[in-house]
Structure formats: C-alpha cells, structure tokens
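# Summary of structural features
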Amino acid sequence: MVLELQKPRPIWQIMFSTHHTDIGLLYLITSLAFLFLGGSLALAIRIELFFPNIEGTGQFIADSMTFNRIFTVHGTTLIFLFIIPFASAVGNYFVPIMVRYKDMAYPKLNAIAFWMIPPAAALVWLGFADFTWYAQPPYSIISSPGPAADMWIFGLKILGISSVLGAINFVVTILKCKHPDMSIGQVPLLAWSLLVTSVIIIVAIPTFAAALLMLLTDRLGLSGFFNPAMGGDPIAYSHLFWFTFHPEVYVLVLPAIGMMYEIIPRFSRKPIYSYNSGVFAFVLLALVSFSSWGHHMFATGMSFTEKTVFMVGTLAAVPASAMHVFNFIATMWNGRIKFSSPMMWAVGGIALFFAAGAGGVVNTAMPLDFATHDSYWVVGHFHLFVMGTIAFASIGFLYYMFPYVTGRMYNEAWGKAHFVLSFVGTILVFFTQHVLGLYGMPRRVFDYPPIPEWIVMNQIASVGAMIIGVSMVIFLANMIYSSGKGELANTDDPFGLGGKYYYPFEAKNPHH
Amino acid sequence: MKRMVGLFLVLSVLVVIPALDLAFAQGDEPGEYLDRRVIIWNLFFRMMAVAFTVGAVVAGTMMWIVWRFRESNPKAKPTAYEGTDW
C-alpha cells in the first residue's frame, strides 16, 4: 500500500525509485501539473475571444503570434503531457496489481520512460512554438520562427520515444508477466485497454517519428519532403501525421473507457455486464483506428473512392463505441448505485462521450464534413471527447484512487461541486462551439468580426471556460488539503461499497 | 460472444448502408460542392434529426437508470453480488 503522505519518505527516494507505484506517483503529479498549466492557457484563449477586437475594447493577448503560440502549447501540453502521462500513471499503479506481478516487466526502462518527459516538456514550454500541435507545413518549414519550432520537434521526438518504451513495458507486463493461473480472458478491462493502447502506440508512433525527422531536415534546408518550393508536398505530411494521430485518438480515449470499466461496476455493486464485448470492442476500435485517418483530410482533394473508404472506416467505430456505452448502461441496470464523486464523473463522461460521438458521425459524412471543416464545430467535437470524456474519466479515476495513493479521503462535497461546475462548464463551452462552427466561425483565429451571433456564442463559451476554471481551483484545493489533512480512509473499503476494494494484492505483491 | 458478434454485424449494417447513400450526395466533380449546398444542408438536418432522436433515447435511458437505481431510491435493493468476492 502506498501511503505517501502518511509516511513521508525523502523525495529523492521516490524520484530515483523504479517501483511501479513510485513511477506511477511521478507520472500522476506531472500529469496533474500540466493539466493546470495547459488549462490556464485555455483560459487565456477564451478571455481573448470574449470580445472581438472592436476598437477601444483592447486585447488580452498582445498579438496573433502570441495567440498562436498559446494554443499550440495548450494543445501539445494537454494531449502529450496530461492525458497520456495520466494513463501511464494509472497503468503503473494498477497493471502489475491486476496481473498479479511484483512490478512492471522492466522497472528501469519504466523509470527512463518517465524521466524523458521533464526534458521534453521543458523543450515544448521554453520554446513556445506557434505552428499548432499539428506543426502545419509549409508554414512550419518556411516561416515558423526557430528555435521554438525545433525545440518543439525535439520535445515531441522525446515524448514519442517515452511513449513507445512505456508501451513495450505494458505489453510485456500484461502478456508475459501475468500470474500463471490467470488467462488473458481474466485480465481486467482496464488492463486490456492499456494493452490495446500500447499496441496502437507501438504501431503508430514510428510514422510520426519519421515525419518529425523529415520536418526537421526540411527546416534545416537539407531536404524538401513537405516544402512546395523544393518540389515537396505538404499533404504527404498530413498523411503521415494523421496515420499516427488518428490512432492516437484511441490511445487517448481507450484508457479512459478502461477507467470507466473499473469505476462503474464497483459503484453499481455488480460485475460488468459483458466482459467479452468490452474486450471485443477494444480490439475492434484498435483495428478501426488505422482505417480512418483520411477523414481528417477530406478537403485536401482526395478521390471520391478514397473518401468513401475512409468514411466507412470511420463509421465502423460507431458500433464498437456503442457497445461500450450499452455495456455501461446494462451494468448500471438493476445495480444499487452509489453516486460518490468517481461515479458522477464516470456517468457524466459517458453522457458526453455519446454526445461527442454523435457530433463525430455528422463530421464523418463527407458532404457534411465540407460544411464543418476547419470551423469551431471541429473544436467543439474533439474537445467534447478530450475534456468531456477523457478528462472526466481521468479525474473520476483520480478520486477513485485517491485513498489508495494517500491513505486519506478527499472532501466529497468539494468533489461533487467540482463535478457539477465542470459538467455545466463543459456543456456551455463545447456544445456552443459546435453551433458557432455552424454559424461559420473558423478555428484557430486570434480575432473575429463583430457578428452579433458570434459575439454571444463566444461569450457563452468563455463563461463556461471560467466556470471550469473555478471548478479546477476547487479540485486543486481539495487534492492538496485532503492529501495532508483529509480523514483517514478505510483502505479496505473507502467508499463504503461493501466487498473488497481494489484487489487483494498486498500479500501477493511485496515491494521488490 | 456469438450474440455480441451478431449484434455488432447488425449495428454495422445499419450504420454503413445509409452512410454509403450519403457519400454519393457529394457528386464527382469538385466544382459541384457549392452547387449542392442545399442537398448537403438537407442531409445535415436529416442526420441531426436522427442524432437527436437516438441521443434522446440513450440520454433518457441513462437519466432513468441514474434516478431509479441510485442507492437512495426507496425501491433500491441490494444486488446479488453484494457481500461476495465477485
């Protein structure tokens, strides 16, 4: 059991440990720090867009270049430095326990994978590049100022290596180190989600690694892969980027679904309705993730046949996602549901997952994609996934694992206030952004004309963002205060659900 | 497992067939995109009608489950698994 604050250890012991719970703790703290940093940048963006730049109203952000830098680092931070490390934190804590092994398969490799994150984050944050998280060529090659852009490229390179090392560790731990008595069909769904995610990472990331190298040599003038002035093709970069980053969408969302699979049965006080369909849907989503990257590029002049193939490939994700949602609903049916904070976040996440998916289906139909392409609809859609689903599941799981990590209970009333404010704020921001897109507002703009509908909707979205900001302050206060001063948790059953909490792991998993 | 595969196949067919139909609304020529904006917006509203209907059913079901099966509901009963090592 990890009672970090009850029995404080010298910080260097944790920093230089290779034990999976210590590495998990490092991942956890790092990811939360970047959640708040990346979220602060989001607030800056929303404050800037509260008013159009009508003469006399002034600007919050000095110029468009600074605005571009802010949303580039915002996106990069929350995807690569919050969501992915948070999934690694959860995996590090629970995968060895779930497969009944003493640690991760390669503890030192695990520590190396974590310690690659701080220098990579420093490169991203100290550079503050301006070319979007997509590193849009040819702009990123011919115009984007260095060394910020080069630092971003090296930062992402390091993060990619870190992800691949972590993924290898998860695959080997789950497949080769699970207890001999345990078949693969008995591995909990959270571990399954991380296994599938890891396989996607190992297959997808090398393509982006190659694209980054090509981008760098293009910037240095050594090559012209994506530079039209040298006969290159920026669309080739789009293919390489989205071949990695459409599967990456599932790298982000599958662990979140896995976390929901852990929370929902426990708080419904009954087993998951269909374990097999959960596994089936995870594997299917992994396969489908590689058949749909082209839907990001419908507007780039692809042939009709290509677009139809990618559209159908994308739609194949719908039944698999629906299987997860039906599984959650069927699990809650006839349960006796305790609505503690983790369950509230999980149920809220499912509701927003469905809403985000419905918006995605509209995007996928290629005639409609042209109506919404590069508009705020797209911003609303993917933020509803990353915030409404992934961050909701992650935060819910953080509340769930809080007693395990600290040995204390968080303040339940604050946890519920955090949820309610975040839920309302998320709907205000991202549902409104969908409508804003239909009214024609393009994404990634520093300013917009004073069209009354645009002003009103931008202001609704900004108010929603501020509500989320307030909720996150409550969250931070709750975490800090409860870690030190919270009530001591009954670690056998901290939520009063009856039965065994987590896994009867302690005797079987002594520290090595 | 067979039932789940069957369910998946049925859901796939239900999703894919209307999607193929939609794809042909785009036309072959790039210049036709703007000319077809009325058709495209018509499709959009049809899809939104479907999305809102399905969304209302799923969201309504979830809200009912949350209300009916919460532990504070007077009708709530212990599940068959409580107190066991499931």
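This section reports on the structure supplied with the text. This one's a predicted model, so the numbers in the text were calculated from it and none came from an experiment.

## Focus on the overall build of chain A
The secondary structure content of chain A amounts to 17 helices and zero strands. Taken against the 2.2 N^0.38 rule, which gives 24 Å for 512 residues, the C-alpha radius of gyration of chain A at 22 Å falls within 12% of a compact globule. Counting only C-alpha atoms and orienting by the principal axes, one finds that chain A spans roughly 65 × 45 × 45 Å. Of all 512 residues assigned to chain A, the portion counted as buried reaches 56%. Across chain A, the fraction of contacts at a sequence separation of at least 24, relative to all contacts at a separation of at least 6, is 84%.

## Remarks on the overall build of chain B
Across its full length, chain B holds three helices and zero strands. Going residue by residue from the N terminus, the α and β elements of chain B occur as α-α-α. The 86 residues of chain B split such that 8% are buried.

## Here's the deal with the interface of chain B and chain A
Listed as interface residues are 39 residues of chain B and, on the opposing side, 44 residues of chain A. Here the side of chain B that touches chain A takes twelve residues from helix α3 (residues 37–68) of chain B, the largest share from any one element. Across the side of chain B that touches chain A, the residue classes tally to 26 nonpolar, seven polar and six charged.

## A word on the environment of A:Phe34
Residues and elements named next belong to chain A. Here phenylalanine 34 is to be found in helix α2 (residues 20–48). You can call phenylalanine 34 buried: it has 23 C-beta atoms within 10 Å. Taking the C-alpha atoms as reference points, phenylalanine 34 and threonine 77, separated by 43 residues in sequence, lie 6.4 Å from one another. If near-sequence neighbours (up to four positions away) are discounted, phenylalanine 34 is found in contact with Thr77, Leu81, Phe82 and Ala121.

## Concerning the packing of helix α9 (residues 234–268) of chain A against helix α12 (residues 317–332) of chain A
Residue and element names in this part refer to chain A. Relative to each other, α9 and α12 sit at 15 degrees, their axes nearing to 9 Å. In this view, α9 runs roughly parallel relative to α12, as classed from their interaxial angle. For the pair α9 and α12, the crossing hand works out as left-handed. Between α9 and α12, the contacting residues are Ile257, Met260, Ile264, Pro265 and Ser268 on the first element and His324, Phe328, Thr331 and Met332 on the second. Of the residues that constitute the contact of α9 with α12, the class distribution is six nonpolar, three polar and no charged.

## Considerations on the nonpolar core
Core analysis: the largest hydrophobic core is formed by 169 residues, its most contacted members being A:Ile83, A:Ala191, A:Met260 and A:Leu285. The contacts of A:Ala191, once residues within four sequence positions are left out, are A:Val95, A:Met98, A:Val99 and A:Ile174.

## Some points on unusual backbone geometry
The bulk of non-glycine residues show a negative phi, and the bulk of peptide bonds are trans. Residues and elements named next belong to chain A. A cis geometry characterises the amide bond from proline 137 onward to proline 138, with omega recorded as 5 degrees. Mapped onto the elements, proline 138 comes out in the loop between α5 (117–127) and α6 (139–142). In this structure, the amide linkage connecting glycine 146 to the following residue, proline 147, adopts the cis form with an omega of 5 degrees. Here proline 147 lies in the loop between α6 and α7 (148–176). One non-glycine residue, aspartate 374, adopts positive backbone phi at about 60 degrees. Considering the arrangement of structural elements, one finds aspartate 374 in the loop between α14 (366–372) and α15 (376–406).

Rules behind the numbers
- Throughout, residues of each chain are indexed from 1 in the direction in which the sequence is written.
- Chain letters start at A and ligand numbers start at 1, both assigned in the order the entries are written.
- The predicted origin of the model limits local features to residues at a pLDDT of at least 70 and limits the giving and counting of side-chain atom pairs to 80 or more, whereas totals for whole chains, interfaces and linings rest on all residues.
- Each helix corresponds to a stretch of at least 4 residues labelled H or I by DSSP, and each strand to a stretch of at least 2 residues labelled E; elements are numbered beginning at the N terminus.
- Here the radius of gyration uses the C-alpha set of atoms, whereas the globule reference equals 2.2 Å times the residue count to the power 0.38.
- Using C-beta atoms placed from the backbone, we call a residue buried if 20 or more other C-beta atoms fall within 10 Å of its own, exposed if 12 or fewer do, and partly exposed for counts in between.
- Each residue gets a C-beta atom placed from its backbone, and two residues are in contact if those atoms lie within 7 Å.
- We call Asp, Glu, Lys and Arg charged. Ala, Val, Leu, Ile, Met, Phe, Trp, Tyr, Cys and Pro are nonpolar, and the rest, Gly among them, are polar.
- Every angle, taken between N-to-C directions, lies between 0 and 180 degrees, and every axis is a line fitted to C-alpha atoms, over only the stretch in contact when it is a helix.
- Orientation categories follow fixed angle ranges, with anything under 35 degrees roughly parallel, anything over 145 roughly antiparallel, 65 to 115 roughly perpendicular, and all other angles oblique.
- What makes a crossing left-handed is the near helix being turned counterclockwise from the far one by less than a right angle; a clockwise turn instead makes it right-handed.
- Think of a nonpolar core as buried Ala, Val, Leu, Ile, Met, Phe, Trp, Tyr and Cys residues, each tied to the set through C-beta atoms within 7 Å.

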